[in-house]
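Structure assessment
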Amino acid sequence: MFIGLGSAAVHAAPLSLPDIESAHALVMDEESGEVLLEKDADTAAPIASMTKLMTAMVVLDAKLPPYDVIRIDRADLDTLKHTHSGVPVGAVLPRRTLIEIALMSSDNHAAAALARTYPGGMPAFLAATQKKITELKLENTGLVEPTGLSPENHATAHDMAKILRAASSYPEIVEATSQSSSRIAVNGRGRMFHNTNKFVGQPGWDISVSKTGFTNEAGRCLSMRLEAAGRKLLVVLMGAMAGSERAVDVLNIHRMVAGDVPAPMVQPVRAVRSVTSKRPQHRV
């Protein structure tokens, strides 16, 4: 594993680089392209629900009527992992609302319905997704379905940064992912949907685009566009073994960029694990 600074950092005050528990990580200055921190960022790995950023962009690119209502169907249920959470079958919601909850609360049924109702159905949606991969010049990304439940959905941290940068140009994605919660009527009853990134909306955190992800294969993942210390940063974390490790990585990155380094970096509370993992040594 390599953690390093971009060449532009030579003339800036040195940053105190934290240990990163996530298997893959990248922190990049969006405007200059300077890499502030990197860890195995060119190795492709499952991206779980971070897939939904691409799903939303592909649907929005089609310029479909945002207020067309879509009914959640049994075909939208999870047959890969057999999870049960999500908007119930029979619920009818506008397309723009499905985009909102697919992104903010990572609703798999919503994402599946968006792809199923794409003009031409799922085959046309996947073809458009491949076209988007080519358009964004993603070097090692593959997507086979719209939710991220499949471990075949993969990307590198560098590719995820490109996806994140592209997603930030869509006002609908910025609006959906920068709110901490939203009350939405489902089957005539108000229901609270919460952002899966708990840092969104917290004091001192300016996050404009965000998407988390989790499957057993992908581990805990997070991509977000963060503004700190006057810089717009693209932050990608993939493959943390626990939510606490991912959270500590985020906190330490925020402290690194803000220059808040006098105190020791936060360390994760390690739980007893039945599975061991070999992690590469850090090189600065």
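Before any of the text, the structure's been laid out above.
In this text the structure is predicted, and so the values were computed from the model without any measurement.

Here 5 strands make up an open sheet; going across it, the order is E2-E1-E11-E10-E9 and the pairing antiparallel. Only two strands of the sheet have a single neighbouring strand rather than two, namely strand E2 (35-39) and strand E9 (206-215). Across the sheet, the axes of successive neighbouring strands diverge by a mean angle of 5°, strand direction being ignored. Where E9 and strand E10 (residues 219-228) come together, 9 bridges link them in antiparallel fashion. Across the sheet, the residue bridging to Phe214 is Arg220, located in E10. Relative to strand E11 (residues 231-240), helix H5 (residues 157-167) is tilted by about 135°, and along the sheet it contacts strand E1 (24-29), E2, E9, E10 and E11.

It is worth spelling out the packing of helix H1 (residues 51-61) against helix H2 (residues 95-104) at this point. As a packed pair, H1 and H2 sit with axes 10 Å apart at the nearest point and diverge in direction by 165°. The angle between H1 and H2 places the two elements in the roughly antiparallel class. Seen from above, H1 lies across H2 with left-handed handedness. Contacts between H1 and H2 pair Lys52, Leu53, Ala56, Val59 and Leu60 from the former with Arg95, Ile99, Ala102 and Leu103 from the latter. Tallied by class, the residues present in the contact of H1 with H2 amount to 7 nonpolar, no polar and 2 charged.

So, on to the nonpolar core. By size, the foremost hydrophobic cluster in this structure holds 59 residues, and its most contacted members are Leu53, Met57, Leu98, Met160, Ile173 and Met238. In terms of nonpolar packing, the next biggest core, distinct from the first, is built from 20 residues, Leu37, Phe199, Val250 and Met256 among them.

With a probe scaled to a water molecule rolled over the atoms, the places where space remains empty come into view. Size it by volume and the largest pocket reaches roughly 470 Å³. Surrounding the largest pocket, 27 residues form its lining, Ser49, Ser105, Ser106, Asn108 and Thr196 being those nearest its centre. Every element with two or more residues in the lining of the largest pocket is listed here: strand E8 (189-194) and E9.

Moving on: H1. A large share of H1 lies buried, amounting to 10 of its 11 residues. Where H1 is concerned, the buried positions are Thr51, Lys52, Leu53, Met54, Thr55, Ala56, Met57, Val58, Val59 and Leu60. Lys63, located one to two residues past H1, shows a positive phi value of around 55°.

Put simply, H1 and H5 touch, their axes get as near as 10 Å, and they point 40° apart. Regarding the angle of H1 to H5, the classification is oblique. Here H1 and H5 pass one another in a crossing that is left-handed. Two secondary-structure elements touch here, H1 through Leu53, Met54 and Met57 and H5 through Met160, Ile163, Leu164, Ala166 and Ala167. Of the residues contributing to the contact of H1 with H5, the split by class is 8 nonpolar, no polar and no charged.

It is worth spelling out empty space enclosed by the protein at this point. Counted under the stated rule, the structure contains 2 cavities of 30 Å³ or more. Computed from the structure, the second largest cavity encloses a volume of approximately 30 Å³. Lining the second largest cavity are Lys52, Thr55, Ala56, Ile99, Ala102, Leu103, Ala111 and Leu114. At the level of elements, H1, H2 and helix H3 (108-116) are the ones that each hand at least two residues to the lining of the second largest cavity.

What follows deals with the side chain of Lys132. With respect to the helices and strands, Lys132 occurs in helix H4 (residues 121-135). If we ignore the near neighbours within four places in the chain, the residues touching Lys132 are Met54, Met57, Val58, Asp61 and Tyr170.

Secondary-structure assignment places Gln130 in helix H4. For Gln130, a relative accessible area of 42% corresponds to the partly exposed category. Note: C-alpha distance between Gln130 and Leu143 (13 residues apart in sequence) is 7.7 Å.

Considering all chains together, one arrives at 2 aromatic pairs under this definition. Note on Tyr118 and Phe125: the rings are 5.9 Å apart at their centroids and 75° apart in plane angle, and the pair reads as edge-to-face. For the pair Tyr118 and Phe125, one class covers both residues: buried. Ring geometry for Phe199 and Trp205: centres 4.5 Å apart, planes at 35°, overall tilted. The residues Phe199 and Trp205 share a single accessibility class, namely buried. In this structure, Arg220 packs its charged tip against the face of Phe214, placed 4.0 Å from the ring centre.

The rules behind the values
Residues numbered from 1 in each chain as written. Predicted model: local features only at pLDDT ≥ 70, side-chain atom pairs only at ≥ 80, totals over all residues. Heavy atoms only, no water. Pairing = 2+ DSSP bridges. Helix = DSSP H or I, 4+ residues; strand = E, 2+ residues; numbered from the N terminus. Axes fitted to C-alpha atoms, helices over the stretch in contact; angles between N-to-C directions. Contact = heavy atoms within 4.5 Å. Parallel < 35°, antiparallel > 145°, perpendicular 65-115°, else oblique. Left-handed = near helix turned anticlockwise from the far one by under 90°. Nonpolar A, V, L, I, M, F, W, Y, C, P; charged D, E, K, R; others polar. Core = buried A, V, L, I, M, F, W, Y, C linked by side-chain atoms within 4.5 Å. Buried < 20%, exposed > 50% of the residue type's maximum accessible area, 1.4 Å probe, protein only. 1 Å grid on protein atoms, 1.4 Å probe; cavity = no way out; pocket = protein on both sides within 12 Å on 5 of 7 lines; lining within 4 Å. Points joined across faces, edges and corners; volume = space filled by probe spheres on them. Phe/Tyr/Trp six-rings, centres within 6.5 Å; stacked < 30°, edge-to-face > 60°. Lys NZ or Arg CZ within 6 Å of the ring centre and 35° of its normal.

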